[in-house]
Number of protein chains: 2
Amino acid sequence: MAAKTTSAIRVLEDACRAGGLPVTTQRREIYDVLVHRTDHPTADQIWDAARQRLPELSRTTVYRVLDTFVKLGVATRTPNVGAAVRFDPRTERHHHAMCRECECVIDVESPNLDRIRLPDGALIGFEFDDYSVHIRGLCAACQRRRSRRESATRKER
Amino acid sequence: MAAKTTSAIRVLEDACRAGGLPVTTQRREIYDVLVHRTDHPTADQIWDAARQRLPELSRTTVYRVLDTFVKLGVATRTPNVGAAVRFDPRTERHHHAMCRECECVIDVESPNLDRIRLPDGALIGFEFDDYSVHIRGLCAACQRRRSRRESATRKER
DNA sequence: TTGTATGCAAAAGGTTTGCAATGAT
DNA sequence: ATCATTGCAAACCTTTTGCATACAA
């Protein structure tokens, strides 16, 4: 675990050096929070978590640091349907399942989805870089919520 | 053209009746704006367009009406990486190309992408409904912008 | 020492809510 | 007549900006 944290931070350090940017305490903490989460947190959620260890940390810095991460290529903004931007520490090709009720996002691993053949981007004037598959559905928690609600309704009658 | 507008509006009217909701002037105008656009506009862009014909229309109403459309199933919120929610009048399976520079979104038609085999949702506790493919890349306009910038840089030297 | 990052305060979007008046069926 | 919708104003949440100070290299 400790070893894993160390190697994860190294990714950030290398990226900062490559970009000629200083490795600050804030960047380290924020990256550490992000890289240990798989729930595609918003800037505010990251701020809440990082403040536990860095109480002086300002929201502004979180926004700026996340922006830097995206530019450095150590994080991505994930497509989402809500009003707050979400971030993902994974930059390789992978896929997402999104709950239609609670809007939570879960990573989907699938070698099949990784090797889809895209149409020719030139047809719509695009240069295609990469893609991901977004699956909509109902997550486990919301399925439970739904059946609880249904059995409650049945009892009422 | 006129015939197309009429039949498009019928989709909304049917949906409202099915949901037991009144068909208001505002809902008609907003639907008319949305259904004739393919650029996945934000609520504000829709407001700007609809106000041309309905000057009293308030922003609040646009937000509420779009929400109703999504609940009625005549529009969807499209996944996006920016700070403003975007809407799409298409509810059938289709795919999107998104520009990494300007964040514009263009529809991608492809029978191949329409028949991807998804992994088993149960593996991550999900009930999968549907999916779409999100392609990232550089749009035609941003490609031109880029080459213009490059030739300008060359002249400077 | 130098250039960049940070924190604060304030502003600028974007979205939601309460309430009285209006409109659709 | 009835119930839902609309517009307004205000609140709320998210993100950005300007500026003086602090920090990493």
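Every value quoted in this text rests on a predicted model; they were computed, and no experiment measured them.

Criteria and cut-off values
Residues numbered from 1 in each chain as written. Chains lettered and ligands numbered in written order. Predicted model: local features only at pLDDT ≥ 70, side-chain atom pairs only at ≥ 80, totals over all residues. Heavy atoms only, no water. Near = heavy atom within 4 Å. Polar contact = N/O pair within 3.5 Å; in protein donor to acceptor, adjacent residues only side chain to side chain. Helix = DSSP H or I, 4+ residues; strand = E, 2+ residues; numbered from the N terminus. Nonpolar A, V, L, I, M, F, W, Y, C, P; charged D, E, K, R; others polar. Least-squares fit on C-alpha atoms with pLDDT ≥ 70 in both. Contact = heavy atoms within 4.5 Å. Core = buried A, V, L, I, M, F, W, Y, C linked by side-chain atoms within 4.5 Å. Buried < 20%, exposed > 50% of the residue type's maximum accessible area, 1.4 Å probe, protein only. Axes fitted to C-alpha atoms, helices over the stretch in contact; angles between N-to-C directions. Left-handed = near helix turned anticlockwise from the far one by under 90°.

Colleague: What exactly am I supposed to notice about the protein's contact with DNA strand D here?
Modeller: Near DNA strand D lie 24 residues; those nearest to it are Tyr63 and Val85 of chain A together with Thr24, Arg27 and Thr61 of chain B. Restricting the count to atoms of DNA strand D within 4 Å of the protein gives a sugar and phosphate share of 69%. Within the side chain of Tyr63 of chain A, an N or O atom sits 2.4 Å from a phosphate oxygen of DNA strand D. With respect to DNA strand D, the side chain of Arg64 of chain B contributes an N or O atom lying 2.8 Å from a base nitrogen. Looking at the surface near DNA strand D, the elements with two or more residues in it are helix 4 (59-72) of chain A together with helix 2 (25-35) and helix 4 (59-72) of chain B. Residue composition of the surface near DNA strand D, by class: 11 nonpolar, seven polar and six charged.

Colleague: Just to check I follow, could you spell out the protein's contact with DNA strand C for this structure?
Modeller: As a matter of local geometry, DNA strand C sits amid 23 residues, with Arg27, Thr61 and Arg64 of chain A together with Tyr63 and Val85 of chain B nearest to it. Within 4 Å of the protein, the contacting atoms of DNA strand C are drawn from sugar and phosphate to the extent of 67%. Side-chain polar atom of Thr60 of chain A to a base nitrogen of DNA strand C: 3.5 Å apart, as the coordinates give it. Within the backbone of Val23 of chain B, an N or O atom sits 3.3 Å from a phosphate oxygen of DNA strand C. For the surface near DNA strand C, the elements supplying multiple residues, two or more each, are helix 2 (25-35) and helix 4 of chain A together with helix 4 of chain B.

Colleague: In this structure, what is going on with the relation of the copies chain B and chain A? I would like to understand it.
Modeller: Two chain copies here: they are related by a rotation about an axis and a translation along the same axis. Between chain B and chain A, which share one sequence, the superposing operator has a rotation angle of 180° and an axial displacement of 0.0 Å; the RMSD is 0.1 Å. Expressed as a symmetry operation, the mapping of one chain copy onto the other fits a two-fold axis. Here 98% of the contact residues of chain B are again contact residues in chain A; the copies associate through an equivalent surface.

Colleague: Honestly, the nonpolar core in this entry has me stumped. Any pointers?
Modeller: Most often, soluble globular proteins have nonpolar side chains that are buried together. In terms of nonpolar packing, the biggest core is built from 24 residues, with Leu113, Ile116, Val133 and Ile135 of chain A together with Ile116 and Val133 of chain B touching the most fellow members. Looking at this core, the elements with two or more residues in it are strand 3 (95-99) and strand 5 (127-138) of chain A together with strand 3 (95-99) and strand 5 (127-138) of chain B. If sequence neighbours within four positions are ignored, Val133 of chain A has contacts with His95, His96, Leu113 and Ile116 of chain A together with Leu118, Tyr131, Ser132 and Val133 of chain B.

Colleague: What's the story with the packing of helix 3 (residues 43-51) of chain A against helix 4 of chain A in this structure? I'm lost.
Modeller: Each packed pair of helices is defined by two parameters, the angle between the axes and the distance between the axes. All names here are of chain A. For the pair helix 3 and helix 4, interaxial distance at closest approach is 9 Å and the crossing angle is 120°. The two elements helix 3 and helix 4 meet at a crossing, and its hand is right-handed. Residue-level contacts link Ala43, Asp44, Ile46 and Trp47 of helix 3 to Arg59, Val62, Tyr63 and Leu66 of helix 4. Of the residues that constitute the contact of helix 3 with helix 4, the class distribution is six nonpolar, no polar and two charged.

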